[in-house]
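Topology and contacts: notes
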Amino acid sequence: MTSQDTVRSRVGGVTPVVYSSGQSRCTISEVAKITQQKDGCVKIHYTLALTQPAQHLLDVTVDVAAASGEFVDFVLPTWTPGSYLIREYARHVQEVEATVNGEPVAWRKLDKQTWRVETRGATEVQLRYRVYGNELTVRTNHVDDTHAHVIPAATFMYVVGATEQPLTVEVEPPAGWEVATGLDRDGAGYFVADDFDQLVDSPFEIGTHRTLSFEVEGKPHRIVIWGAGNEDEQRLVVDTRTIVSAARDLFGGLPYAHYTFFLLLGGKDASGGLEHRNSTSLLLPRFVFRPDKSYERFLTLVSHEFFHVWNVKRMRAAGLGPFDYTREAYTTLLWAMEGITEYYTDLLLVRSGLLTPKRYLERLADDIVTLQTTPGRQLQSLECASFDSWIKFYRPDENTPNTAVSYYLKGAIVGALLDLEIRRRTADERSLDDVLRQLYAAYPLDGPGIPEREGYLGAIREVTGHDFGDFFARYIGGTAELPYTETLGAAGLELQWDWKDKAADGGARPALGLRTKSEGGLLKVTGVVRDAPAYQAGLTADDELVAVDGYRISNEASLRERLHERKVGDRVTITLFRRDELRTVELTLAPAPQDKLVLQPVGEPDELQRRIYTSWLGIDAAAQGAAAEA
Ligand SMILES: [Zn+2]
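Attention in this report is confined to the structure presented alongside it.

Parameters at a glance
- Residues numbered from 1 in each chain as written.
- Predicted model: local features only at pLDDT ≥ 70, side-chain atom pairs only at ≥ 80, totals over all residues.
- Helix = DSSP H or I, 4+ residues; strand = E, 2+ residues; numbered from the N terminus.
- Rg over C-alpha atoms; globule rule 2.2 N^0.38 Å.
- Buried ≥ 20, exposed ≤ 12 C-beta atoms within 10 Å, placed from the backbone.
- Axes fitted to C-alpha atoms, helices over the stretch in contact; angles between N-to-C directions.
- Parallel < 35°, antiparallel > 145°, perpendicular 65-115°, else oblique.
- Left-handed = near helix turned anticlockwise from the far one by under 90°.
- Contact = placed C-beta atoms within 7 Å.
- Nonpolar A, V, L, I, M, F, W, Y, C, P; charged D, E, K, R; others polar.
- Core = buried A, V, L, I, M, F, W, Y, C linked by C-beta atoms within 7 Å.
- Pairing = 2+ DSSP bridges.
- Expected span 1.5 Å × (residues − 1).
- Arc of directions from axis to C-beta.

So, on to the overall build of the chain. Each helix and strand counted, the chain has 18 helices and 31 strands in total. In terms of C-alpha radius of gyration, the chain reaches 27 Å, essentially the compact-globule figure of 25 Å for 630 residues. Taken along the three principal axes of its C-alpha coordinates, the chain extends 85 × 65 × 50 Å. Here the chain holds 630 residues, and 44% of them are scored as buried.

Have a look at this one:
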């Protein structure tokens, strides 16, 4: 991080003001000079207490020493890195009090997230407030009578102009509770962060958690578990260590002194992961660990979030930092930050033996089916999906599948195709692994970050000697259909498309192009597939379907039964309620799209196809030959 970048990132947000001894209010042009001087500047100390955890409250105190000037501005971030949505954390702040040199003073708000305390030259300023946290996700605070999972961006206000200052955090847990975080402690027992960014990157788990430990490369790793379910502790340790080792092997070395996996076990809908520099928060249902297919959710979550140690936390898009926590951070590279990570999520698992190659290909095929049955792929490119994540990906509605594409899903598929295309053009001499290592070397964390599109293109050119400009223009900047056949063919795979459910003649069933859900005895429309019969007939989300050709339907099964009696091209009448008004629409049934895909090895792969397949999935060629003979 450079001070110049800090100035740039602040312009347009809250006016920069820096406090340091002997300095009064600074202008923008002075900020760069002052933020380079870490000594002689303000001292910031946070105290985090839990006096009423059952009421979901965190008690926060910010002490600012050696302040100077007319006022100090405190800002609570509005979003947290890794989750690209304006979350308005300040709405959970309550009971704000300020003191100056120990005397209570008034504060005033400058905007939704900024509190100004007038100091009039006094040097000791304290702001106390409480934060309500009762939302169990990995990007919001969750505090109750069993624990607190503290998301720093949602909790700690920064001092404007002093975000590059080192700071300390003191935690006062209830009796019997312990504190786990990725931050180290100083001699006084306080947690220390080099700057506000590092604090934001270090969630806290405070409670009576279990801790499992292991080492890789002699570096301590721990799994801190809140809650319990059907987990096998020994298996968690062995498999997590395997994933850490696989990522280490790819990048060569672990870029931290220690690492913490926070594993939060909640109810059946619990889901999510958020990456940090030397920790990650993982949220899963408590009974996710059996059977094996369900356990894949744990493995893939660990693999995904751990891959971010490099991709995004250290190899970051230029748009992702230094952060302005008051507003959106734009980049067209989320497809690479998240999609490439999603690609390697499964790849590391298959290479390290935690997924079989067969299962790997099934999961890839399922992703391809999902993308190819999402009409939005024809309207929104990966770069646009990345840029608009703030208003689209994180805020989906019934129109989303028709107009948007997930940069996770399509990014992962494009990652696979890009990897195979690199291997094809270089006769398997180079791969996406080499490109990532090149990016990691070329764009260190303290540099400007990976430039949009050209950063990746340049690294690929450097590694392969080939220009991928056309590939990027078509499949990443554009919405061209992906070149599955030729690219998967490079690994000796062919695509066999089919239907999960076929008509008696082996062809397509008739379809309306509706997404529905049964709710309270009603069959409700949740979405309509663009250009499908229901779309053309004007059916829409929230319509309540009651009959097909005059016969009652009350759930998905009865709708399916009625449709299965008809064939493609037939006219049918649908009766529905819309805002309590009975309506009838006529439409013509279309063929259902193919929704089943098998990636099948070609009959007789050539030498290069064989080589690409085995090196891509990390399959030991000798073992494979022995297995084939057996
Ligand atoms: Zn991610």
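There's plenty left to go through after this.
On to the packing of helix α5 (residues 292-307) against helix α6 (residues 334-351), then. For the pair α5 and α6, the least separation of the axes is 8 Å and the interaxial angle reads 125°. The angle between α5 and α6 falls in the class oblique. The two elements α5 and α6 meet at a crossing, and its hand is right-handed. Contacts between α5 and α6 involve Leu 299, Thr 300, Ser 303, His 304 and Phe 307 from the first element and Thr 341, Glu 342, Tyr 344, Thr 345, Asp 346, Leu 348 and Leu 349 from the second. Per-class residue counts for the contact of α5 with α6 are five nonpolar, five polar and two charged.

Looking now at the nonpolar core. In terms of nonpolar packing, the biggest core is built from 88 residues, with Leu 263, Leu 282 and Trp 335 touching the most fellow members. The element best represented in this core is α6, accounting for eleven residues. Aside from chain neighbours lying at most four places away, what touches Leu 282 is Phe 261, Phe 262, Leu 263, Leu 264, Gly 273, Leu 301, Val 302 and Glu 305. Val 64, Val 117, Met 157 and Val 169 belong to the second largest nonpolar core, which has 51 residues in total.

Once that is clear, we can look at the environment of Leu 445. For Leu 445, the location among the structural elements is in the loop between α11 (432-442) and α12 (454-464). Residue classification places Leu 445 among the partly exposed residues on the basis of 14 C-beta atoms within 10 Å. The sequence separation of Leu 445 and Trp 310 amounts to 135 residues, and the corresponding C-alpha distance is 9.7 Å.

Here the focus is the sheet that holds strand β16 (residues 204-207). Strand order in the open sheet formed by four strands is β9-β10-β16-β13, and the pairing between neighbours is antiparallel. Each of the sheet's edge strands pairs with one partner strand only, and the pair in question is β9 (142-143) and β13 (178-181). Here four bridges tie β13 to β16, and the two strands are oriented antiparallel to one another. By the bridge assignment, Glu 178 is partnered in β16 with Gly 207.

A few words on helix α4 (residues 233-251). Compared with the 27 Å implied by 1.5 Å per residue over 19 residues, the 27 Å span of α4 between its first and last C-alpha is a close match. Of all the residues in α4, the buried ones are Leu 236, Asp 239, Thr 240, Ile 243, Val 244, Ala 246 and Ala 247. Around the axis of α4, the buried residues are gathered within 160° of arc, so they sit on the same side. In α4, those exposed residues whose orientation departs by more than 90 degrees from the buried face are Gln 234 and Val 238. The inward-facing, buried residues of α4 contact β17 (210-216), β18 (219-226), β19 (259-266), α5 and α6.

Spatially, four strands are ordered β6-β7-β3-β11 in an open sheet, and the strand pairing comes out antiparallel. Each of the sheet's edge strands pairs with one partner strand only, and the pair in question is β6 (107-111) and β11 (158-159).

We now examine unusual backbone geometry. Going from Arg 290 to Pro 291, the amide bond is cis rather than trans, its omega being -5°. Mapping Pro 291 onto the fold places it in the loop between β21 (279-285) and α5. Cis geometry is adopted by the peptide bond preceding Pro 322, which originates at Gly 321 and carries an omega value of 0°. Within the element layout of this structure, Pro 322 appears in the loop between α5 and α6. Even without glycine at this site, Glu 217 takes up a positive phi of about 60°. The topology assignment puts Glu 217 in the loop between β17 and β18. C-beta crowding within 10 Å serves as the criterion here: with 10 such atoms nearby, Glu 217 is assigned to the exposed category. Phi at Asp 428 takes a positive value of approximately 65°, unusual for a residue other than glycine.

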